[in-house]
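# What the coordinates show
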Amino acid sequence: MNIFRCHCGNTVYFENTRCLSCTRELGFLPDQMLQAALEPAGTGTWQAYTTEGDAGRYRKCGNYADENVCNWMVPVEEKEKFCEACRLNKVIPNLSRPGNREKWLNVEREKRRLLYELKHLNLPFSSKKEDPGKGLAFAFLEDSQTESEFADTAGDTGRVFTGHANGLITINILEADDVAREAMRQRMNEASRTLLGHFRHEIGHYYWDRVIEAGGRHAEFRARFGDERLDYKTALSNYYNSGPPADWRKHYVSAYASAHPWEDWAECWGHYLQIRDALETAHALEFIDALPSDFDHLTVLWTRISTGVNLMNRSMGLRDAYPFVLTDAVQDKIHYIHDLITEVGGRRQ
């Protein structure tokens, strides 16, 4: 993630809505990928200013102006009420339920970070309205039951299952509750579980459809991840009933990746996005000189940065931020994803 500067020169960040130096309101301009200082321009419009000067006239996204859960802007010439990110929402939480507004705020924040990553990598996505076949949409739902725990596995009546189907990514909003999510992490014996991690994983399934399935890349996919024609429901049932194979650490980035080739792909895709984003942040903070295009150099840098972050966390009495080992087999899979993203991003579909 890049670090931004207000028109006044003060450092500001992706989620900020006001500059603490000049006190101007801020808005993110998705068409320019920049944070901008805002000056009222009448009739609900705002003049945007970046460090380069006048950046044009915009309106606040409806979820910024009315709900304060977004900080993205809409170019004034567009007729849409919502920004590029919020137009992807199919279902939002019931805001009359206590605590749901806070959960929705957290969910929207991580969704926008995901979409920033996709735009930064020049990966194709569109709304269901624009493209019913290949479009992307989000549903943020809650369990119909009142228990504080939730599950991703099938068979729990009334539960919302985080997942992807035909471009629709569903997120159980309890993932935005730190206590509930940590309880589930321990219950599932996972090394890490984050809300942003769910978004990165599920978008991997979306791009499997767009890049592997639509691109006819099945043979090269199967050579690395296995045969996705293996019955999915049976494979997941076997995983939840019996657990991963004893030697899973040699071949998979996580235990869950061993459940089915689709999950292996999505886990590796999510890790690649995490690695890229973290290294881009390290570059913005001047911890590293540049973000290399060469995958081998990228993994060397990531090993150094992630080890340092883990050691810093231990110094502060916290768990490792990146408790994973990238074996040669895992690196080969992530390298393949790196090459695919480079190719697809270079010829935006």
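Structure shown above.
This section reports on the structure supplied with the text.

Rules used throughout
Residues numbered from 1 in each chain as written. Predicted model: local features only at pLDDT ≥ 70, side-chain atom pairs only at ≥ 80, totals over all residues. Heavy atoms only, no water. Buried < 20%, exposed > 50% of the residue type's maximum accessible area, 1.4 Å probe, protein only. Helix = DSSP H or I, 4+ residues; strand = E, 2+ residues; numbered from the N terminus. Pairing = 2+ DSSP bridges. Phe/Tyr/Trp six-rings, centres within 6.5 Å; stacked < 30°, edge-to-face > 60°. Lys NZ or Arg CZ within 6 Å of the ring centre and 35° of its normal. 1 Å grid on protein atoms, 1.4 Å probe; cavity = no way out; pocket = protein on both sides within 12 Å on 5 of 7 lines; lining within 4 Å. Points joined across faces, edges and corners; volume = space filled by probe spheres on them. Axes fitted to C-alpha atoms, helices over the stretch in contact; angles between N-to-C directions. Parallel < 35°, antiparallel > 145°, perpendicular 65-115°, else oblique. Contact = heavy atoms within 4.5 Å. Nonpolar A, V, L, I, M, F, W, Y, C, P; charged D, E, K, R; others polar.

Moving on to the pairing of strand β11 (residues 168-172). Here β11 lies mainly inside the structure; four of its five residues are buried. Of the strand pairs in this sheet, strand β9 (residues 137-141) and β11 are connected by five bridges, and their pairing is parallel. From the neighbouring strand, F140 faces β11, where its bridge partner is I171. Sheet topology places strand β10 (residues 163-165) next to β11; three bridges connect them, and they run antiparallel. Pairing of H164 across the sheet is with I169, part of β11. Following β10, the chain reverses through two residues before pairing antiparallel with β11; N166 in that reversal takes a positive phi of roughly 55°.

Quick look at the packing of aromatic side chains now. Applying the stated rule across the entire model yields 24 aromatic pairs. Relative to F225, the ring of F221 has its centre 4.9 Å away and its plane inclined at 15°; by these criteria the two rings are stacked. Of the two residues, F221 and F225 both sit in helix α5 (residues 218-225), four residues apart, roughly one turn of that helix. Comparing F221 with F225, the two get one shared label, buried. An aromatic cluster is defined as three or more aromatic residues linked by ring pairs; in this entry it consists of Y206, Y207, W208, F221, F225, Y232, W262, W265, W269 and Y336. Between K60 and the ring centre of Y64, over which it is positioned, the NZ or CZ distance is 4.4 Å.

The next point concerns empty space enclosed by the protein. Under the defined criterion, the tally for this structure stands at one cavity of 30 Å³ or more. Lining the largest cavity we find E117, H120, L121, L273, R276, D277 and E280. For the lining of the largest cavity, the elements supplying multiple residues, two or more each, are α2 (100-120) and α8 (261-284). Sorting elements by how many residues they give to the lining of the largest cavity places α8 first, with four residues.

Look at α2 against α8: their axes get within 11 Å of each other, and the N-to-C directions meet at 85°. One element, α2, and the other, α8, form an angle in the roughly perpendicular class. Between α2 and α8, the residues in contact are R113, L114, E117 and H120 and L273, D277 and E280, respectively. Classifying every residue of the contact of α2 with α8 gives two nonpolar, one polar and four charged.

Pairing within the open sheet is mixed, and its four strands lie in the order β8-β9-β11-β10. Only two strands of the sheet have a single neighbouring strand rather than two, namely β8 (89-91) and β10. When the angles between neighbouring strand axes are averaged without regard to direction, this sheet yields 25°. Helix-sheet contacts for α2 involve β8 and β9, and the interaxial angle to β9 is about 155°.

Our focus in this paragraph is the sheet that holds strand β7 (residues 73-75). Strands sit in the order β3-β4-β5-β6-β7 across an open sheet of five strands; the sheet is antiparallel. Two strands in the sheet have a free side with no partner beyond their single neighbour: β3 (25-29) and β7. Looking at each pair of strands side by side, their axes are set apart by 50° on average, direction ignored. In this sheet, β7 lies alongside strand β6 (residues 53-60) in antiparallel orientation, the contact comprising three bridges. When the bridges of β7 are listed, R59 appears paired with V74.

Don't take any of this as a statement about function, it's just geometry.
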